[in-house]
Amino acid sequence: MAINKVVNTKANSHGAMRNVLEYVLRDKKVREGYVEIIGPYSGETINYDDVYQEWLREKKLWDKDQGKMYFHNVISFHKDEKISPEEALEIGRLMADEFFSGFQSVITVHQDKDHLHAHIITNSVSFLDGYKYHQSSK
């Protein structure tokens, strides 16, 4: 059974956003290229610096370049679950579509542990209307 974990780290600086994007997009973690971008992205390849710059542009466009910068979720699968990286990516995509529709997201599947896990990093500012996403324990 998959478990969703909301990662509650300090996410209120440009450096934190850049670092989390760099972490989830590392080649040694995303071995076979199981990565997807949701929302506007003009880069020819997916790399953390281009995603970071794109998200900054979106924040500045809507004058929302302060406070919480991003949200980080991890969907983990038990090592005995029969799930492929493609299926893990699809589950991440479905979750992002359901809970973060209208927000830029990066979905990556990491295969560097004995279990698959998908990271979903979501820009806190909507590319549709500039709305800032608010997430609480409720």
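Everything that follows concerns the structure shown earlier in this document.
Summarised in this report is the structure supplied together with it.

### Here's the deal with the pattern of salt bridges
Link 1 in the chain: Tallying each qualifying case throughout the model produces 6 salt bridges.
Link 2 in the chain: Measuring nitrogen to oxygen at the nearest pair gives 2.6 Å for the salt bridge that ties Asp-49 to Arg-18. Here Arg-18 lies in helix H1 (residues 14-24) and Asp-49 lies in helix H2 (residues 48-61), a separation of 31 residues in the sequence.
Link 3 in the chain: Two residues, Arg-93 and Glu-90, come together in a salt bridge whose shortest N-O distance is 1.8 Å. Linking Arg-93 with Glu-90, this pair stays in helix H3 (residues 85-99), spanning 3 residues, or about one helical turn.
Link 4 in the chain: A relative accessible area of 32% means that Glu-90 is categorised as partly exposed.
Link 5 in the chain: In the salt-bridge network here, residues are joined through shared partners; they are Glu-36, Glu-90 and Arg-93.

### Quick notes on the pairing of strand E5 (residues 117-126)
Link 1 in the chain: By the criterion of burial, E5 is predominantly enclosed, with 10 of the 10 residues buried.
Link 2 in the chain: Across 7 bridges, the pairing between strand E3 (residues 70-76) and E5 is antiparallel. By the bridge assignment for E5, Phe-71 is matched with Thr-122.
Link 3 in the chain: Here strand E4 (residues 103-110) pairs with E5 via 7 bridges, running antiparallel. Considered in E5, the bridge of Ile-107 is made with Ile-120.

### What about the nonpolar core?
Link 1 in the chain: Judged by nonpolar contacts, the single largest core of 15 residues is most densely connected at Met-17, Leu-21, Val-51, Trp-55, Tyr-70, Val-106 and Ile-121.
Link 2 in the chain: Put simply, the parts of the chain that give this core at least two residues each are H1 and H2.
Link 3 in the chain: Beyond its immediate stretch of four places on either side in the chain, Val-51 contacts Leu-21, Leu-25, Ile-37, Tyr-41, Ile-46 and Val-106.
Link 4 in the chain: Counting residues in hydrophobic clusters, the runner-up holds 14 residues, among them Ile-75, Met-95, Ala-96 and Ile-107.

### A closer look at the packing of H1 against H2
How two helices pack is summed up by the angle between their axes together with the distance between the axes.
Link 1 in the chain: Their axes nearest at 9 Å, the elements H1 and H2 cross at an angle of 140°. In terms of crossing hand, the pair formed by H1 and H2 is right-handed. Contacts between H1 and H2 involve His-14, Met-17, Arg-18, Leu-21 and Glu-22 from the first element and Tyr-48, Asp-49, Val-51, Tyr-52, Gln-53, Trp-55, Leu-56 and Lys-59 from the second.
Link 2 in the chain: When the residues that make up the contact of H1 with H2 are grouped by side-chain class, the tally is 7 nonpolar, 2 polar and 4 charged.

### Structural notes on unusual backbone geometry
Link 1 in the chain: The backbone phi angle of Asp-63 is positive, close to 55°, even though this residue is not glycine.
Link 2 in the chain: The residue Asp-63 is located in the loop between H2 and E3 in this model.

### A word on H2
For an α-helix, 3.6 residues make a turn, and residues three or four places apart therefore share a direction.
Link 1 in the chain: An ideal rise of 1.5 Å per residue puts 20 Å on 14 residues; H2 measures up with 20 Å between its terminal C-alpha atoms.
Link 2 in the chain: By the burial criterion, the buried members of H2 are Val-51, Tyr-52, Glu-54, Trp-55, Leu-56, Glu-58 and Lys-59.
Link 3 in the chain: Packing partners of the buried residues in H2 comprise H1, strand E2 (35-38), E3, E4 and E5.
Link 4 in the chain: For H2, the N-terminal cap is Asn-47; the gap from its side-chain oxygen to the backbone nitrogen of Asp-49 is 3.1 Å.
Link 5 in the chain: Positive backbone phi, at 55°, marks Asp-63, one or two positions downstream of H2.

Conventions we followed
Residues numbered from 1 in each chain as written. Predicted model: local features only at pLDDT ≥ 70, side-chain atom pairs only at ≥ 80, totals over all residues. Heavy atoms only, no water. Salt bridge = Lys/Arg side-chain N within 4 Å of Asp/Glu carboxyl O. Helix = DSSP H or I, 4+ residues; strand = E, 2+ residues; numbered from the N terminus. Buried < 20%, exposed > 50% of the residue type's maximum accessible area, 1.4 Å probe, protein only. Pairing = 2+ DSSP bridges. Core = buried A, V, L, I, M, F, W, Y, C linked by side-chain atoms within 4.5 Å. Contact = heavy atoms within 4.5 Å. Axes fitted to C-alpha atoms, helices over the stretch in contact; angles between N-to-C directions. Left-handed = near helix turned anticlockwise from the far one by under 90°. Nonpolar A, V, L, I, M, F, W, Y, C, P; charged D, E, K, R; others polar. Expected span 1.5 Å × (residues − 1). Polar contact = N/O pair within 3.5 Å; in protein donor to acceptor, adjacent residues only side chain to side chain.

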